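What follows is each chain in one-letter form.
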Amino acid sequence: MIELINVTKKFDGKVAVNNLSLNIEKGKLTMLIGPSGCGKTTTMRMINRLTPYNKGDIKLNGVSINKIDPVTLRRSIGYVIQEIGLFPHFTVYDNIATVPRLLKWDEKKIRKRVEELLDIVTLDFNFAYKYPLQLSGGERQRVGLARSLGADPEVLLMDEPFGAIDPINRLKLQDSFLEIQEEIKKTIVFVTHDINEAIKLGDKVAIIKDGSLVQYDDAAEILANPANKFVENLLGQDRSIKALSLKKTKDFILKDNLVTVSNRETEREIIKKLQEKKVKIAFVLDKYHKLIGRYWLEKSKKKEQVEINFDDNPIFTERNNSLKETLSIMLESGEKILPVVNRKKIFTGIIKLNDIFEEVNK
Amino acid sequence: MIFLNYFLENYNKILRLSFQHFYLFIISLIIAIIIGVTLSIMATEEGKEKMGKLIVSITGAAQAVPSIAVIALVFIYVGIGAVPAIISLIIYSLVPIVFNATSGILSVPQSIIEAGKGMGFTRNQILWKIKIPIAIPVIMGGIRSAATIIIGTAVVASVIGGGGLGDLIFIGLKLNKPEVLFAGAFSSALMAIIIDIILAWVEKTITPKGLKARK
């Protein structure tokens, strides 16, 4: 899709990008990461010819970008920067309509596209006639993303788009950005200096140092086999925990050796069932298999007896949560076993702390 | 009372000189805007930001030069009459126009220009659709002070034969007739106020709504 072939860029004799080759795959989210000044932004800016390169070549769909008029090229590539750069004198509508208007689309088509894009970035159509100064940081970021998608470009370039957002909103924006990408499946080049962001979002991660490519691979592969000390340091001490954020809870669900009961059964029946299976917890499901409660056994202070407790609002994890998120729910609640549900709260099985630990130790 | 009498008796003369004054003003302002804004646009093109900054500091300092000095210099090189008067008015009013337009365009955030470029705006589109509309309030500020300065300085320019309301002031001075002097001063002050009100309205009208938007 986008091929960088031995690209070199010098600023006043100083090498910014050094003989860099990178093949960016169609439909994938490729993260460029490295310390500041490593040349990641320069690399990205060369793709839409905002920065010219000195040596080598960059090809878009097999065509050297130097053969494409820069203005035409840029209109065909979405572009988002950290400061967003919304036009303050344009409404949200006009901002999103920017590239379609440059391409002289007809107004009906533009209106339909603006409505569609506001919906994709989960902004109400009421926002269309607001001005950027009237929006919050997160809303501006969404409008910036919508604007870059204006003319439905195949390729998106994003330069630290969430860098200026506070950590809590950043996580939310990342989540919705991932969902949007699942829908639109664009070829995205995403510059970041945040390793957690790179691992969370990236299909592919390219690690750049001093203008050279250090490692380029799937996020999981990089976590498992860092190419050198530099990558190890970049990943940090907790890379086995980071690896957990790549794994989904749904892949670790256990379905046997567990007890589910209906809300009609008596405590005596439930205790009997639990003792037969030699487990301590029973999950209560309604007729739709929705999780509605939990029984657990505890040794009584009186000898040779057990007590049974009921909780009508049990802690659970969702099947699409990452293992890291499930682990933190477990650590916070002190539970070693959690029920796993889907987004409608239908019970799908359980997950055990031990299994997560085993995954860490792999 | 004597002032009012003079006004009523010389109604036609004052009106004629006011028109002359306005003529000097409007010609000088239009030419100064064209030259000044063009200069500022040239000085703020991409890659010439250093020159733009230099121009901002030069014009900033030039505002301290007294108007009479400019008028005297033009008189020495061009002579007397309405044309030298207009030339000196243009030169003198260029200073605030260039100062404001240049600093206004330079203060458009780089991120906005960068975003425009990255989305495929041409050079001209960046200028006319991004830089100028965003800098409009600052550019208009320069034009408003230039207008006030021209009306005031045109009074002085009458010493080199520019005509206008300055004639009344100098006649009043020479003949020791305060009512004549006052008629000239009052009329030019009134003109300056009216013109500024009009320009304030123009500024409000052409400033893009989004720049004034509040939550």
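Residues numbered from 1 in each chain as written. Chains lettered and ligands numbered in written order. Predicted model: local features only at pLDDT ≥ 70, side-chain atom pairs only at ≥ 80, totals over all residues. Heavy atoms only, no water.

### Some words on the overall build of chain B
Here's step 1: When its secondary structure is counted, chain B shows 9 helices and 0 strands.
Here's step 2: Secondary structure elements of chain B occur, N-terminal to C-terminal, as α-α-α-α-α-α-α-α-α.
Here's step 3: When its C-alpha atoms are laid out on the principal axes, chain B stretches across 65 × 45 × 25 Å.
Here's step 4: Within chain B, buried positions represent 48% of all 215 residues.
Here's step 5: Looking at chain B alone, contacts between residues at least 24 apart form 77% of all its contacts between residues at least 6 apart.
Here's step 6: Of the side chains in chain B, 17 bear a positive and 9 a negative charge, and the two mean positions are spaced by 6 Å. (Helix = DSSP H or I, 4+ residues; strand = E, 2+ residues; numbered from the N terminus. Buried < 20%, exposed > 50% of the residue type's maximum accessible area, 1.4 Å probe, protein only. Contact = heavy atoms within 4.5 Å. Lys, Arg positive; Asp, Glu negative; His and termini not counted. Charge placed at Lys NZ, Arg CZ, Asp CG, Glu CD.)

### Quick word on a nonpolar patch on the surface
Residues and elements named next belong to chain B.
Here's step 1: A cluster of nonpolar side chains, contributed by Leu73, Phe75, Ile76, Tyr77, Val78, Ile80, Val83, Ile87 and Ile91, occupies part of the molecular surface with about 930 Å² of accessible area.
Here's step 2: Mapped by element, the contributors of at least two residues to the nonpolar patch are helix H4 (67-78) and helix H5 (82-106).
Here's step 3: Inspection of the secondary structure assignment puts Ile76 in helix H4.
Here's step 4: Residue classification places Ile76 among the exposed residues on the basis of a relative accessible area of 61%. (Patch = residues over 30% accessible without salt bridge, like charges linked within 9 Å, V, L, I, M, F, W, Y side chains within 5 Å. Areas by Shrake-Rupley, 256 points an atom, 1.4 Å probe, with all protein chains shown as cover. Salt bridge = Lys/Arg side-chain N within 4 Å of Asp/Glu carboxyl O.)

### Digging into the environment of Ala146 of chain B
Residue and element names in this part refer to chain B.
Here's step 1: Checked against the element boundaries, Ala146 lands in helix H7 (residues 123-156).
Here's step 2: The exposure class of Ala146 is buried, given its relative accessible area of 0%.
Here's step 3: Residues Ala146 and Ser28, 118 residues apart in the sequence, show an inter-C-alpha distance of 9.8 Å.
Here's step 4: With near-sequence residues (within four places) excluded, Ala146 lies in contact with Leu29, Ser93, Pro96 and Ile97.

### Thoughts on the interface of chain A and chain B
Here's step 1: On the side of chain B, 23 residues touch chain A, which itself brings 26 residues to the contact.
Here's step 2: Taking both sides of the interface into account, the surface hidden between chain A and chain B amounts to around 2,100 Å²; carbon and sulfur atoms contribute 68%.
Here's step 3: Counting across the chain A and chain B interface gives 1 salt bridge.
Here's step 4: Among the salt bridges present, the one from Arg45 of chain A reaches Glu114 of chain B, with a minimum N-O distance of 2.2 Å.
Here's step 5: Scanning the region where chain A abuts chain B turns up 5 residue pairs in polar contact (both at pLDDT 80 or more).
Here's step 6: Among the secondary structure elements, those contributing two or more residues to the side of chain A that touches chain B are helix H2 (70-75), strand S6 (77-81) and helix H4 (98-102) of chain A.
Here's step 7: Class assignment for the residues of the side of chain A that touches chain B results in 15 nonpolar, 6 polar and 5 charged. (Buried area = accessible area lost by both parts, 1.4 Å probe. Polar contact = N/O pair within 3.5 Å; in protein donor to acceptor, adjacent residues only side chain to side chain. Nonpolar A, V, L, I, M, F, W, Y, C, P; charged D, E, K, R; others polar.)

### A closer look at the pattern of salt bridges
One side chain can pair with another of opposite charge once the charged atoms of both are near each other.
All names here are of chain A.
Here's step 1: Evaluation of the coordinates by the stated rule reveals 22 salt bridges over all chains.
Here's step 2: Close ionic contact of Arg113 with Asp152 constitutes a salt bridge, the shortest N to O distance being 3.6 Å. Taken together, the residues span a long stretch of sequence, with Arg113 in helix H5 (residues 107-120) and Asp152 in the loop between helix H6 (137-148) and strand S7 (155-159) at a distance of 39 residues.
Here's step 3: Residue class for Asp152 comes out partly exposed when judged on its relative accessible area of 43%.
Here's step 4: A salt bridge links Asp311 to Arg294, with the shortest nitrogen-to-oxygen separation between them at 3.9 Å. Of this pair, Asp311 sits in strand S14 (residues 306-311) while Arg294 sits in strand S13 (residues 291-299); the two residues are 17 residues apart in sequence, bridging distant segments of the chain.

### So, the confidence of the model for chain A
Here's step 1: Counting all residues, the mean pLDDT for chain A is 89, and 99% of those residues have values of 70 or more.
Here's step 2: Per-element confidence in chain A is highest for helix H3 (residues 92-96) of chain A, whose mean pLDDT is 97, and lowest for helix H11 (residues 239-244) of chain A, whose mean pLDDT is 77. (pLDDT = per-residue confidence, 0-100.)

### Describing H7 of chain B
Here's step 1: Taking 1.5 Å of rise per residue, 34 residues should cover 50 Å, yet H7 of chain B covers just 42 Å from first to last C-alpha, more than 12% shy of that figure.
Here's step 2: In H7 of chain B, a bend of some 60° at Ile136 of chain B exceeds every other bend along the element, and Pro137 of chain B, a proline, comes one to four places later. (Expected span 1.5 Å × (residues − 1). Bend = angle between axes of the 7 residues up to and from the residue.)

### A short note on the sheet that holds strand S12 (residues 281-285) of chain A
Residues and elements named next belong to chain A.
Here's step 1: With mixed pairing, 4 strands are arranged side by side in an open sheet as S11-S12-S13-S14. Taken across any chain shown, the strands that pair with only one partner, and hence form the sheet edges, are strand S11 (259-262) and S14. On average, each strand axis in the sheet is inclined to that of its neighbour by 30°, with strand direction left out of account.
Here's step 2: Pairing of S11 with S12, which is carried by 4 bridges, proceeds in the parallel orientation. (Pairing = 2+ DSSP bridges. Axes fitted to C-alpha atoms, helices over the stretch in contact; angles between N-to-C directions.)

### What about the packing of aromatic side chains?
Here's step 1: Applying the stated criterion across every chain yields a total of 13 aromatic pairs over all chains.
Here's step 2: Ring centres of Phe3 of chain B and Phe182 of chain B lie 4.7 Å apart, and the angle between their planes is 45°; this geometry places the pair in the tilted category. With a gap of 179 residues between them, Phe3 of chain B in helix H1 (residues 2-9) and Phe182 of chain B in helix H9 (residues 178-206) connect regions that are remote in the sequence.
Here's step 3: Of the residues examined, Phe182 of chain B reaches a relative accessible area of 36% and is grouped as partly exposed.
Here's step 4: Ring centres of Phe182 of chain B and Phe186 of chain B lie 5.7 Å apart, and the angle between their planes is 25°; on these two criteria the pair is classed as stacked. Pair noted here: Phe182 of chain B and Phe186 of chain B are both in helix H9, with a separation of 4 residues, about one helical turn.
Here's step 5: Following the ring pairs from residue to residue traces out a cluster consisting of Phe3, Phe7, Phe182 and Phe186 of chain B.
Here's step 6: A cation over an aromatic ring shows up here: Lys130 of chain A above the ring of Phe127 of chain A, its NZ or CZ 4.8 Å from the ring centre.
Here's step 7: The ring of Phe87 of chain A has Arg147 of chain A sitting right over it, with the charged end atom 4.8 Å from the ring centre. (Phe/Tyr/Trp six-rings, centres within 6.5 Å; stacked < 30°, edge-to-face > 60°. Lys NZ or Arg CZ within 6 Å of the ring centre and 35° of its normal.)

### Considering the packing of helix H13 (residues 323-333) of chain A against helix H14 (residues 353-361) of chain A
Residues and elements named next belong to chain A.
Here's step 1: Between H13 and H14, the least distance of the axes is 11 Å, while the angle of their chain directions is 130°. Compared by their axis directions, H13 and H14 come out oblique. Of the two possible hands of crossing, H13 and H14 adopt the one that is left-handed. Here Leu323, Thr326, Leu327 and Met330 of H13 lie close against H14, whose contacting residues are Leu353, Ile356 and Glu359. (Parallel < 35°, antiparallel > 145°, perpendicular 65-115°, else oblique. Left-handed = near helix turned anticlockwise from the far one by under 90°.)

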